[in-house]
Amino acid sequence: MSYTVLATYKPRLRSRRSDVDVTAIGLAYAMARGIPGCTVKFFEPRPAFIAWAAIASRGRTVYDVGAASGHVSKALSAAGMTMEAIDLRYPDEPDFHVTVADGGVFDYERGSVVMLCRPCHGDFPERVIRRALACDCDVWYVGLAKNRAEDLRGFRFKKVLAKAGEQGEAVYVKEAP
């Protein structure tokens, strides 16, 4: 399986206590120790999510940001959706083509959808959401209720689907301005 490198991620730590970019720390830790790309699958989509996403995408490209192995992109692609998987690292065992890029600075296609499924916490979700909105994209956040406030940081999203994943994740949507 091939991959594309589009950007180099530069870790950015925040100054507030308990608000450290865990993506940067995890990446730095993994790189320093030669640990391979992420193979953990935090979000396991249920059929209801796949059916909802196929309808809600309305034929638009969906960017799966923080895709890890690309298993969610693979499932959605099999349902007929146009998917682009993006992650900071290329996985050792990819399920789908993954573009290595920083979703916080990526040039998303205008009018597309940017999807975050169980993202790392810290400033990563906020940076991706801000960038997606700047590119006139809709944003889908798929996560656990306990992580929503930290990940969405004051952005107003509408809950559109409960029990989207095997661990009870829900889908929240923010439409482009």
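This one's a predicted model, so the numbers in the text were calculated from it and none came from an experiment.

Novice: Explain helix H3 (residues 71-78) to me, please; I cannot follow it from the model alone.
Specialist: Owing to its 3.6 residues per turn, the α-helix aligns residues three or four sequence positions apart on the same side. Within the span of H3, buried status applies to His71, Val72, Ser73 and Leu76. In the core, the buried residues of H3 are packed alongside helix H2 (47-56), strand E2 (61-65), strand E3 (82-87) and strand E5 (113-117). Looking one or two residues past H3, Gly80 carries a phi angle of roughly 95 degrees, positive in sign.

Novice: Just checking my understanding: could you explain the environment of Ala78 for this structure?
Specialist: Inspection of the secondary structure puts Ala78 in helix H3. Since its relative accessible area comes to 71%, Ala78 is described here as exposed. Sequence separation between Ala78 and Ile50 is 28 residues; the distance between their C-alpha atoms is 9.5 Å.

Novice: So what exactly am I meant to see when it comes to the packing of aromatic side chains here?
Specialist: Centre distance and the angle of the planes are the two values used to describe a pair of aromatic rings. Tallied over the full model, the rule gives seven aromatic pairs. Ring geometry for Trp52 versus Trp140: centroids 4.6 Å apart, planes at 55 degrees, classification tilted. With Trp52 in helix H2 and Trp140 in strand E6 (residues 138-143), this pair connects stretches of sequence that are 88 residues apart. Overall, the relative accessible area of 18% leaves Trp52 in the buried class. Each ring, one from Tyr63 and one from Tyr108, has its centre 5.1 Å from the other, and the planes form 70 degrees; the classification is edge-to-face. Residue Tyr63 is located in strand E2, and its partner Tyr108 is located in the loop between strand E4 (98-100) and E5; the two are separated by 45 residues in the primary sequence. Summarising the burial analysis for this pair, Tyr63 and Tyr108 share the class buried.

Quick notes on the rules
Residues numbered from 1 in each chain as written. Predicted model: local features only at pLDDT ≥ 70, side-chain atom pairs only at ≥ 80, totals over all residues. Heavy atoms only, no water. Buried < 20%, exposed > 50% of the residue type's maximum accessible area, 1.4 Å probe, protein only. Helix = DSSP H or I, 4+ residues; strand = E, 2+ residues; numbered from the N terminus. Contact = heavy atoms within 4.5 Å. Phe/Tyr/Trp six-rings, centres within 6.5 Å; stacked < 30°, edge-to-face > 60°.

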